[in-house]
Number of protein chains: 2
Amino acid sequence: MTPPPTVEILAIGNELLRGEILDTNTQWLCRLVTARGGRVGRVTLLADVETEIAAAVSAAIERGVAVLFTSGGLGPTDDDLTLAAVARGAGVEVVLNEQARAMVRASYDDFHARGIIAEPGLNPFREKMARLPAGAEPLVNPVGTAPGVFLRAGGTAIISLPGVPPELEAIVSRTLAPFLDRTFGSGASASRLLTVRCNDESIMAPALTGVVARHPRVYIKSLARALGEVPELDILLLATGGDPQELQSLVDAACVDLCQGLDALSIPHRPKAAPTP
Amino acid sequence: MTPPPTVEILAIGNELLRGEILDTNTQWLCRLVTARGGRVGRVTLLADVETEIAAAVSAAIERGVAVLFTSGGLGPTDDDLTLAAVARGAGVEVVLNEQARAMVRASYDDFHARGIIAEPGLNPFREKMARLPAGAEPLVNPVGTAPGVFLRAGGTAIISLPGVPPELEAIVSRTLAPFLDRTFGSGASASRLLTVRCNDESIMAPALTGVVARHPRVYIKSLARALGEVPELDILLLATGGDPQELQSLVDAACVDLCQGLDALSIPHRPKAAPTP
């Protein structure tokens, strides 16, 4: 089995670092990558500072990350500087992209025709959203005006997405679907969730340690809760990326092993419905 | 005015990068630091990999960050390795801390006395939570068993907190309050929030650009929404860290300036109640 492609995320915006906005985009992207068998290795939240974003982009390229998602900073205002920073980090210029310009114009015309905004067509601020790193391709934004942007730099595919969640999700789910299929495959996974009548990880730890070591391809995680809420813990067992039947046998074997360990410690347990990916 | 102390956050845990858990701790810490006039410059989410966490810790120390918060990875299980990583990143050993050991024992005894857990006292997994970087101080955890940990390394105060939100919040709000007062001061701030009858940042941009340039001490941010939801945007004006009356005049002046710019573009606007910090 080849190792899963590594993914990193740069979430960009002063509003994230000031705590005004809860960054739900990152969790959404992490779930998607994990469900498809990829591995998110690092997420960085950065302010709207071009040099810092550029440095993070070039560091990710140097680390050989397969896919780098950026979220935020694609809009028309001066503090939207992700594309300039991505270009700088990748060592290319920013240039007006005619295909992107046509997309931006078409989406403003469409929003105008639907009576949502007052003015159709382009202006310099709108046109800024079509100024992409040289060599980049625009990605259709089915629900907003700023196109996503796809750029290859070294071995890294850099995918820049708007920060507004429905726009980010629409570009990834619709426009990027073929790329995700090619990069991550079908995204097969198998999982089991076990509810354990024990709220004390320190008692359960001996059972977990051995199982984790004996089943390296299965992800096993006790989901800690605040003590005292409910005297129970959930344990997730999950395998991703590969033949579905093989994944299920791996997870089943680990689950049997874990249940035996819990029985040996007299810790009651029961299966729980697995989470949707 | 001296620049505000810079803060960074390391949020640690495979469950964050796999998207199983939404990282609400980071937003909570960002709001707290911002409300007190500090500035969060960077947030990094990392998996439970000791070398990667250690590298991030030493990079933050080298950048001269004033305060580095870590969240997660303080529990009794083998994948809780934040303290080992912080020690490695700071270049010190991990040692059993007697004060922390007494805290851990006392909290398990207390949970046992209240009928919440079955076994009182210590075991090797529980004692692991008292193995701190050499020179560190434990921070009382008023609601859980893992103490927080305070370590000075170079010019950086490293504050390691459990990932369970009520525990993290209790340690910061109660145990750390004197440190926060010393580091950030009273945390005075002043703000205004303006609702603008315009859903098109590209039309509003000319008004914002000048105001931002003319009021460098005021943070001015249009909070973008998905187009089509409501034909309105909110704009936040905020100043932190300094004399409260001065902060209010700064924000008021910027607000008057912005309203004139919006009037010039015939964009309707109205004041909105300011957010609680």
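Quick note: structure is the one above.
Residues numbered from 1 in each chain as written. Chains lettered and ligands numbered in written order. Predicted model: local features only at pLDDT ≥ 70, side-chain atom pairs only at ≥ 80, totals over all residues.

What follows is about the packing of helix α3 (residues 50–62) of chain A against helix α4 (residues 82–90) of chain A. Working note: a packed helix pair is described by the angle between its axes plus the distance between those axes. Residue and element names in this part refer to chain A. Contact pair α3 / α4: the axes reach a minimum separation of 7 Å and the direction vectors enclose 45°. Here α3 is positioned oblique relative to α4, judged by the angle of their axes. Taken as a pair, α3 and α4 cross one another with a handedness that is right-handed. Mapping the contact onto sequence places E50, I53, A54, A55, V57, S58 and I61 in α3 and T82, A84, A85, V86, R88, G89 and A90 in α4. Broken down by class, the residue content of the contact of α3 with α4 amounts to nine nonpolar, three polar and two charged. (Axes fitted to C-alpha atoms, helices over the stretch in contact; angles between N-to-C directions. Helix = DSSP H or I, 4+ residues; strand = E, 2+ residues; numbered from the N terminus. Parallel < 35°, antiparallel > 145°, perpendicular 65-115°, else oblique. Left-handed = near helix turned anticlockwise from the far one by under 90°. Contact = placed C-beta atoms within 7 Å. Nonpolar A, V, L, I, M, F, W, Y, C, P; charged D, E, K, R; others polar.)

This next bit is on the interface of chain B and chain A. It is common to give the size of an interface as the accessible area lost on bringing the parts into contact. Listed by partner, the interface residues are 52 residues for chain B and 52 residues for chain A. Elements supplying a minimum of two residues to the side of chain B that touches chain A: α1 (14–17), α2 (24–35), β2 (39–46), α6 (124–128), α7 (165–175), α9 (201–214) and β10 (219–223) of chain B. A total of seven residues in the side of chain B that touches chain A trace back to one element, the largest contributor, which is β2(B). Of the residues assigned to the side of chain B that touches chain A, the class counts are 23 nonpolar, 17 polar and 12 charged. The pairing of strand β2 (residues 39–46) of chain A with β2(B) spans five bridges and is classified as antiparallel. (Pairing = 2+ DSSP bridges.)

The next subject is the nonpolar core. Counting 113 residues, the largest nonpolar core has V57(A) and V57(B) as the members making the most contacts within it. For V57(B), the contacting residues outside a window of four places in its chain are L68(B), A85(B), V86(B), G89(B), A90(B) and I158(B). (Core = buried A, V, L, I, M, F, W, Y, C linked by C-beta atoms within 7 Å. Buried ≥ 20, exposed ≤ 12 C-beta atoms within 10 Å, placed from the backbone.)

The next point concerns helix α9 (residues 201–214) of chain A. Since one α-helical turn is 3.6 residues long, residues separated by three or four positions face the same way. Between its first and last C-alpha atoms α9(A) spans 19 Å; for 14 residues at 1.5 Å apiece the expected length is 20 Å, and the two agree. Maximum bend of α9(A): about 35°, positioned at A207(A). Within α9(A) the residues assigned to the buried category are E201(A), S202(A), M204(A), A205(A), A207(A), L208(A) and V211(A). Looking at the buried side of α9(A), the elements it contacts are β9 (189–196), β10 (219–223) and α10 (244–264) of chain A together with α6 of chain B. (Expected span 1.5 Å × (residues − 1). Bend = angle between axes of the 7 residues up to and from the residue.)

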